[in-house]
Amino acid sequence: MGRVGERAVVLGAGMAGLLAARVLAGAYDQVTIVERDEPPEPGRPRKGVPQGRHAHMLMPRGQEILRGLFPGLEDELIDAGAVVADPSTEHRFNLGGHALCRVPRSDRAVQASRPLLEGAVRERVQALDGVVFVHGCDAVGLVAPDPRRVTGVRIMRRVPGSAEEELPADLVVDATGRAARTRLWLESLGYDPAPREEIEVGVAYASRPVRLPLGSPPDKAVVVGPGPGRPRGMALIAIEGDRHLLTVAGLDKGHRPPTDPEGFLAYMEGLAPPDVARAVRAAEPLGEISAHRYPSDLRHRYERLRRFPAGLLVTGDALCSFNPIYAQGMTVACLEAQVLARCLEASGARDLTRRYFRAVARALDVPWRMAVAADLSMPEVPGRRSPAIRLLNAYVGRVQAAAARDPEIAGRLVRVIGLLDPPTALMRPSVLAAACAVRRTGEALPGTTPHPETASDHHFTVGTEQGVQR
Ligand SMILES: Cc1cc2nc3c(=O)[nH]c(=O)nc-3n(C[C@H](O)[C@H](O)[C@H](O)COP(=O)(O)OP(=O)(O)OC[C@H]3O[C@@H](n4cnc5c(N)ncnc54)[C@H](O)[C@@H]3O)c2cc1C
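Now for a quick tour of the structure. All of these numbers come straight from a predicted model, not from anything done at the bench.

## With respect to the nonpolar core
Stage number 1. Counting residues in hydrophobic clusters, the biggest one holds 96 residues, and the most contacted among them are Leu24 and Tyr28.
Stage number 2. With sequence-adjacent residues up to four places away left out, Leu24 is seen in contact with Ala8, Val10, Val31, Leu171, Val173, Leu340 and Leu344.
Stage number 3. Counting 25 residues, the second largest nonpolar core, distinct from the first, contains Tyr395, Ile409, Ala410 and Ala425.

## Describing the packing of aromatic side chains
Stage number 1. Considering all chains together, one arrives at five aromatic pairs under this definition.
Stage number 2. With 5.6 Å between their ring centres and 65° between their planes, Tyr302 and Phe308 make a pair best called edge-to-face. Of the two residues examined, Tyr302 and Phe308, each falls in the buried class.
Stage number 3. Aromatic side chains Tyr302 and Phe357 sit 5.7 Å apart centroid to centroid with 55° between the ring planes, which places their arrangement in the tilted category. Here Tyr302 is found in the loop between strand S19 (297-300) and strand S20 (312-314), whereas its partner Phe357 is found in helix H11 (residues 352-376), with 55 residues between them in sequence. Across the pair, Phe357 and Tyr302 agree in class, each one buried.
Stage number 4. Site record: aromatic cluster; members linked through ring pairs are Tyr302, Phe308, Tyr356 and Phe357.
Stage number 5. Its guanidinium or amino end placed over the ring of Phe70, Arg22 lies 5.9 Å from that ring's centre, counting from NZ or CZ.

## Details of the packing of helix H12 (residues 387-403) against helix H14 (residues 429-437)
Stage number 1. Here H12 crosses H14 at 90°, and the two axes come no closer than 8 Å. What the angle tells us is that H12 and H14 run roughly perpendicular. Contacts between H12 and H14 involve Tyr395, Arg398, Val399 and Ala402 from the first element and Val431, Leu432, Ala434, Ala435 and Cys436 from the second.
Stage number 2. For the contact of H12 with H14, a count of residues per class yields eight nonpolar, no polar and one charged.

## What to know about the pattern of salt bridges
Stage number 1. By the definition in use, this model includes 33 salt bridges.
Stage number 2. Ionic pairing is found between Arg183 and Glu187, a salt bridge with its closest N-O pair at 3.8 Å. Of this pair, Arg183 and Glu187 both sit in helix H6 (residues 182-188), four residues apart, which is roughly one turn of the helix.
Stage number 3. Taking the shortest distance from any N to any O, the salt bridge between Arg301 and Glu303 comes out at 2.6 Å.
Stage number 4. For Arg301, a relative accessible area of 6% corresponds to the buried category.
Stage number 5. Of the residues examined, Glu303 reaches a relative accessible area of 24% and is grouped as partly exposed.
Stage number 6. Ionic contacts of the salt-bridge type, sharing partners, join the residues Glu35, Asp37, Arg46, Arg114, Glu118 and Arg122 into one network.

## Quick look at the sheet that holds strand S9 (residues 152-157)
Stage number 1. The strand order S8-S9-S10 describes an open sheet built from three strands, whose pairing is antiparallel. Of all strands in the sheet, those with a lone pairing partner are strand S8 (137-143) and strand S10 (165-168), marking the two edges. Within this sheet the neighbouring strands show an average axis-to-axis angle of 35°, counted without direction.
Stage number 2. Here four bridges tie S9 to S10, and the two strands are oriented antiparallel to one another. In the sheet register, Arg154 faces S10, and the bridge partner there is Glu166.

Basis of the calculations
Residues numbered from 1 in each chain as written. Predicted model: local features only at pLDDT ≥ 70, side-chain atom pairs only at ≥ 80, totals over all residues. Heavy atoms only, no water. Core = buried A, V, L, I, M, F, W, Y, C linked by side-chain atoms within 4.5 Å. Buried < 20%, exposed > 50% of the residue type's maximum accessible area, 1.4 Å probe, protein only. Contact = heavy atoms within 4.5 Å. Phe/Tyr/Trp six-rings, centres within 6.5 Å; stacked < 30°, edge-to-face > 60°. Helix = DSSP H or I, 4+ residues; strand = E, 2+ residues; numbered from the N terminus. Lys NZ or Arg CZ within 6 Å of the ring centre and 35° of its normal. Axes fitted to C-alpha atoms, helices over the stretch in contact; angles between N-to-C directions. Parallel < 35°, antiparallel > 145°, perpendicular 65-115°, else oblique. Nonpolar A, V, L, I, M, F, W, Y, C, P; charged D, E, K, R; others polar. Salt bridge = Lys/Arg side-chain N within 4 Å of Asp/Glu carboxyl O. Pairing = 2+ DSSP bridges.

What follows is the structure in structure tokens.
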């Protein structure tokens, strides 16, 4: 990539900030990353990323993009203890009450805790020419003497007696996560409030690392999705250190997972396949049970503002955050980094803001609609359901049922969920025929082994429903 400018500043060193910095390092002489947290101990969760204590799956599309951005990263992760899984034989999915067929796949999955993955990416970014980290420092506002252009950021070190400082920049990228303040900063510069879409899902998480006993089921990932009538899910993921991370999650309204050891296990037992439940019951706990609450899917529509200052971009959860149950966030951060790279390559800094927000909105549309539609398939989640979304959700329920007896359908579904293929891949004649052949949705099919509690019809959906406009 050619040189675009002198100085870029990235706010936040989570996955989205690190990926943006990786891309910017090829285009700006200096890239400064401002991060509130002190440098973390290797492999340890940190305060600014509390979700790091919970299971984090990287979708195949995210894995593909990471490989391109950081050649050899997977091998470094494996050297650091990450688990290599063959998804065709070592991943087990139950969606909408249907145990999906195992799907022949040629790729491997490299599984790690969020801290290990983030740490490996951070090391790679740190080693890039021109990249500087400023830790223990809050971004507190934008510098824009002329509100039409952002020319830097105001920062405050987390040291008693510090005063505000200004960091000049040709480009500022906000990657400070869900609580990002760009919207407020823009309003204080006289811009209209950006439209937002929000679906109030209210999901509660509880997680604990465990060591399974010898002779446990060989699966390296067991995922049971939520669905209408049973808005709960679980994931048991093999990670570094001969550990599994057990995460359970449910809608706050009546399905919040307990955080006492017995209640936590009992909740898991209501979801896991029986052999997995037995293994987890006999497992050695390796840490505390951590809880997390996620209030809403939230998408900021900056591309819809008539006016927006040059020199400012937003990425990651700061732009759009999804119900974590669908494991899309890190992959979407990868997609956004890819969009940024393409925008810089195409025309450098010229009209970058407008081009970026438009292109990134297109990239976000599919994962956002998938997450929102899946959330709206649960009656407990407030929001308008159009006839189109009801139809699509019913259709996806049938595809899930078909995927429980037909590996080809399961393969197509897994590729769509993994963000490798667009949802239209589920409209191909072979999938339509298989879905139509399914008896009424909700019925378990011959050859499936749904757990009694997981026999509701659909969970992972595609659709076009809009969130609530704010
Ligand atoms: C419980 C849970 C489970 C999840 N599971 C998955 C999963 O399985 N798969 C998946 O792909 N995604 C998952 N996600 C989503 C994923 O964690 C995020 O979408 C992804 O990491 C991108 O986050 P981010 O970098 O935009 O923000 P964050 O990870 O929130 O990082 C923001 C960074 O900015 C820093 N910061 C904040 N404010 C300031 C400031 N003012 N100044 C300086 N620094 C600041 C923070 O310290 C932090 O380092 C999950 C999320 C949750 C909550």
